[in-house]
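What follows is each chain in one-letter form.
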Amino acid sequence: MFYTIKDTREALKSGKITSKELVENSINTFEKDKSAPIPLNAFIEMYDDAVSKAEAADNEIKAAIADGSIDKLYEQKPLLGIPFANKDNINSKGHRLTCASKILTGYVAPYNATVINRLEAAGAIPLGRCNQDEFAMGSSTEYSCYGPTRNPINREYVSGGSSGGSAAAVSANQALFGLGTETGGSVRLPASYCGLYGLKPTYGVLSRWGVVAYGSSLDQVGILGHTPEDIAEPLSVMCGVDFYDDTSADLPNSEQLKNLKELSKEEFAALKVAIPKQFLETKGLDPEVGKIFDETRAWFEANGAKIDIVDLPILDASIAAYYVIALSEAASNLSRFDGIRYGLRIDNQKGYDELYVDTRSEGFGPEVKRRIIIGNYVLSEQFSGDTYKKGMTVRARIQREVAAVFEKYDLIICPTCPTAAFKLGSKVDDPLEMYLSDLYTTFVNLARIPSISVPCGITSKDKMPVGIQFAGPMFSEAKILRIAQNYELSHKCCGIPVK
């Protein structure tokens, strides 16, 4: 049985459980799983100070219970004693960070990312770092120097990527919620595959300070949880402007996140929902995913929402524009990993050029090398950056046309992925097929709008979960989470059995 954040907080406040028990249970599960015949491989390691932080939280709770100030304490620290999973590309001071890459072997984070600082200020406890696709480049968490993370619902399948470790940890009840990062769908994909809610916020709502960059104009921290409330609460303490991140922004109506309420019948019946025609005509859409999407659409209509099919031809160019932009920015961002400043160093005493080439050849995995090569080709002298500029022009048009849809509609709905989770190894040698896993997610990142993947069903053949995404206009996190809460309360979709 898993606890939601709300249930866990009430149990902590009443003294029924302790934070130390929660943390030790996660550690014991992690240690036991390492020796399993088929390990989950969600966590790479547990932080060595997690237990001591839990003990400190328990002391605060015990003292507040004794003097009758426990409710006041939780007003100040709403996540006190709550353990969470951290992705291996988000800095946690004093702990190793590798982005699941050999090139960062031995690197220890010298400071906390802003999102970690804000969670710890609210009392939450970082449990450990979770596996991911190397430098967040992948859709299955198979491109990792630590080996693949498996899906806890069926360990023969992928957990999704690139935040597959965090998703698997939460789905397997090893953590109450998890942090991931998104560049083109890396929170929503694993959320869909693992039967979780996964939020990609508006660009800038969560600070990127202390998060290792992949594609800077697209990157965003995201949250994975069992319920919309389990996403809303961490979001409420992490969101807002950060001095260290010039792209950060405040979130209007953030007070609604602290006590998430579903929409009233009248509010729901007033919803206007758009479905892009282009996503209904996708050849790669699995029929079972299409069926679950139709059922979700019917649920909206049964509750009074008005649904229209809208024509957005520019969406056909979204995945191409995304990969041009993301890979160009990745090639630039990853140039800092050179064997000189930090991490792995292969020095054959031949000179700096050789050191640079040898270190990167040894340190980067094949998918990262592929994306760096493509990105540098796009930015090369022959193109003079023209392809990147064209990609940005397409992006600007996507932003305008998606924004125009939201002038008439409250929500865009579509599948999160064309398929449910696929078997390990089935796509790892077919990059194009792997890239198409992002078919429905990249337009959200390009448009910089928020979107949540909602667990809406299970395939009849393989019994794997399927997510449908609810996307709203910029800064509409509270509203799309409230709509997701309506779905959760009517379906109780959390708690899919894991193996």
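Just so we're clear, the structure is a prediction, and the values are computed from it rather than from any experiment.

### Considerations on the packing of aromatic side chains
Then step 1. Taken as a whole, this structure holds 19 aromatic pairs when the rule is applied.
Then step 2. Both rings, one in Phe-300 and one in Phe-470, keep their centres 5.2 Å apart while their planes meet at 75 degrees; by these two values the pair is edge-to-face. With Phe-300 in helix H11 (residues 287–302) and Phe-470 in strand S13 (residues 465–471), this residue pair connects regions lying 170 residues apart in the sequence.
Then step 3. Phe-300 sits in the buried class, given a relative accessible area of 0%.
Then step 4. Phe-470 gets classed as buried once you look at its relative accessible area, which sits at 0%.
Then step 5. In textbook terms, an aromatic cluster arises when at least three aromatic residues are bridged by ring pairs, as seen for Tyr-107, Phe-135, Phe-337, Tyr-342 and Phe-364.
Then step 6. Sitting above the plane of the Tyr-203 ring, Arg-448 keeps its charged end 4.3 Å from the centroid.

### Focus: the environment of Ala-109
Then step 1. The residue Ala-109 is located in the loop between strand S2 (83–87) and helix H5 (114–121) in this model.
Then step 2. Along the primary structure Ala-109 and Ser-92 are separated by 17 residues, whereas in three dimensions their C-alpha atoms are 6.0 Å apart.

### A word on the side chain of Gln-220
Then step 1. Structurally, Gln-220 is set in strand S8 (residues 220–225).
Then step 2. Judged by its relative accessible area of 2%, Gln-220 is buried.
Then step 3. Reaching out from Gln-220, the side chain makes a polar contact with the backbone nitrogen of Gly-204 at a distance of 2.8 Å.

### Overview of the layout of surface pockets
Then step 1. By volume, the largest pocket is sized at about 380 Å³.
Then step 2. In terms of lining residues, the largest pocket is bounded by 17 residues, among which Tyr-111, Val-211, Val-212, Ala-213 and Arg-336 are the most central.

### Some thoughts on empty space enclosed by the protein
Then step 1. All told, the structure shown has 2 cavities of 30 Å³ or more when counted by the stated rule.
Then step 2. Taken as a whole, the largest cavity spans an internal volume of roughly 90 Å³.
Then step 3. Surrounding the largest cavity, 16 residues form its lining, Asn-89, Thr-181, Val-211, Val-212 and Asp-219 being those nearest its centre.
Then step 4. Counting residues per element, the ones that place at least two in the lining of the largest cavity are strand S6 (177–182) and S8.
Then step 5. Here the residues of the lining of the largest cavity are counted per class, giving 8 nonpolar, 5 polar and 3 charged.

### Some remarks on the environment of Ile-70
Then step 1. Examined against the element boundaries, Ile-70 turns out to sit in helix H4 (residues 70–76).
Then step 2. For the pair formed by Ile-70 and Gly-180, sequence separation is 110 residues and the distance between their alpha carbons is 31 Å.
Then step 3. The residues touching Ile-70, leaving out its near neighbours within four places in the chain, are Lys-13, Ile-61, Ala-64 and Ile-65.

### Section: the nonpolar core
Then step 1. If you look at the biggest cluster of nonpolar residues, it comprises 96 residues, and the most contacted ones within it are Leu-179, Leu-235, Phe-300 and Ile-452.
Then step 2. Looking at which element gives the most residues to this core, the answer is helix H18 (residues 477–491), with 6 residues.
Then step 3. The residues contacting Phe-300, other than those within four sequence positions of it, are Phe-268, Leu-271, Val-273, Ala-305, Ile-307, Leu-411, Ile-413, Phe-470 and Ile-483.
Then step 4. Ranked by size, the runner-up nonpolar core spans 45 residues in total, among them Ala-136, Leu-218, Leu-315 and Tyr-440.

### So, the sheet that holds strand S3 (residues 125–130)
Then step 1. Pairing in this open sheet of 11 strands is mixed, and the strands run S1-S3-S2-S6-S8-S7-S12-S13-S11-S9-S10 from one edge to the other. Edge strands, defined here as strands with exactly one partner in the open sheet, are strand S1 (43–46) and strand S10 (306–310). Taking the axes of each pair of neighbouring strands and ignoring which way they run, one obtains an average angle of 30 degrees across the sheet.
Then step 2. Pairing analysis gives 2 bridges linking strand S9 (residues 272–276) to strand S11 (residues 411–415), with the strands arranged parallel. Within S11, the position partnered with Ala-274 by the bridge is Ile-412.
Then step 3. Those strands touched by helix H6 (residues 164–171) are S1, S2, S3, S6 and S8, and its axis lies near 20 degrees from that of S8.

### A short note on H5
For an α-helix, 3.6 residues make a turn, and residues three or four places apart therefore share a direction.
Then step 1. Every buried residue of H5 is listed here: Thr-114, Val-115, Ile-116 and Leu-119.
Then step 2. In this structure, the buried residues of H5 make contact with S2, S3, S6, S8 and helix H8 (228–238).
Then step 3. Of the residues one or two after H5, Gly-123 is the one with positive phi, at around 100 degrees.

### Notes on unusual backbone geometry
Excluding glycine, a negative phi dihedral is what most residues carry, and trans is how most peptide bonds are arranged.
Then step 1. Note that the residue after Gly-161, namely Ser-162, is joined by a cis bond; omega there is 5 degrees.
Then step 2. With respect to the element layout, Ser-162 can be found in the loop between strand S5 (154–158) and H6.
Then step 3. Of note, Phe-135 is a non-glycine position whose phi angle comes to about 55 degrees, a positive value.
Then step 4. Checked against the element boundaries, Phe-135 lands in the loop between S3 and strand S4 (150–151).
Then step 5. In the Ramachandran plot, Phe-475 falls in the positive-phi region, its phi being about 65 degrees despite a non-glycine side chain.
Then step 6. Judged by its relative accessible area of 27%, Phe-475 falls in the partly exposed class.

### Comments concerning the packing of helix H12 (residues 318–333) against helix H14 (residues 366–378)
Then step 1. At their nearest, the axes of H12 and H14 sit 7 Å apart, and the two run at 100 degrees to each other. One finds that H12 runs roughly perpendicular with respect to H14. Residues Tyr-323, Val-324, Leu-327, Ser-328 and Ala-331 of H12 form the contact with H14, whose participating residues are Arg-371, Ile-372, Ile-374, Gly-375, Asn-376 and Val-378.
Then step 2. Tallied by class, residues from the contact of H12 with H14 come to 7 nonpolar, 3 polar and 1 charged.

### A closer look at the side chain of Thr-441
Then step 1. In this fold, Thr-441 is placed in the loop between helix H16 (431–435) and helix H17 (442–447).
Then step 2. Its relative accessible area of 0% is what places Thr-441 among the buried residues.
Then step 3. Beyond its immediate chain neighbours, meaning those up to four positions away, Thr-441 contacts Gly-184, Gly-185, Arg-188, Thr-416 and Gln-469.

### Comments concerning the pairing of S8
Then step 1. Of all 6 residues in S8, 6 are buried, a share of seventy percent or more.
Then step 2. Burial along S8 is two-sided: the face carrying Gln-220, Gly-222 and Leu-224 and the face carrying Val-221, Ile-223 and Gly-225 are both buried.
Then step 3. The pairing of S6 with S8 spans 6 bridges and is antiparallel. Each residue of the ladder has a partner; that of Phe-177, found in S8, is Gly-225.
Then step 4. Judged from the 3 bridges that link them, strand S7 (residues 197–200) and S8 form a sheet pairing that is antiparallel. What sits directly across from Gly-198, in S8, is Leu-224.

Reading the values: the criteria
- Residues numbered from 1 in each chain as written.
- Predicted model: local features only at pLDDT ≥ 70, side-chain atom pairs only at ≥ 80, totals over all residues.
- Heavy atoms only, no water.
- Phe/Tyr/Trp six-rings, centres within 6.5 Å; stacked < 30°, edge-to-face > 60°.
- Helix = DSSP H or I, 4+ residues; strand = E, 2+ residues; numbered from the N terminus.
- Buried < 20%, exposed > 50% of the residue type's maximum accessible area, 1.4 Å probe, protein only.
- Lys NZ or Arg CZ within 6 Å of the ring centre and 35° of its normal.
- Polar contact = N/O pair within 3.5 Å; in protein donor to acceptor, adjacent residues only side chain to side chain.
- 1 Å grid on protein atoms, 1.4 Å probe; cavity = no way out; pocket = protein on both sides within 12 Å on 5 of 7 lines; lining within 4 Å.
- Points joined across faces, edges and corners; volume = space filled by probe spheres on them.
- Nonpolar A, V, L, I, M, F, W, Y, C, P; charged D, E, K, R; others polar.
- Contact = heavy atoms within 4.5 Å.
- Core = buried A, V, L, I, M, F, W, Y, C linked by side-chain atoms within 4.5 Å.
- Pairing = 2+ DSSP bridges.
- Axes fitted to C-alpha atoms, helices over the stretch in contact; angles between N-to-C directions.
- Parallel < 35°, antiparallel > 145°, perpendicular 65-115°, else oblique.

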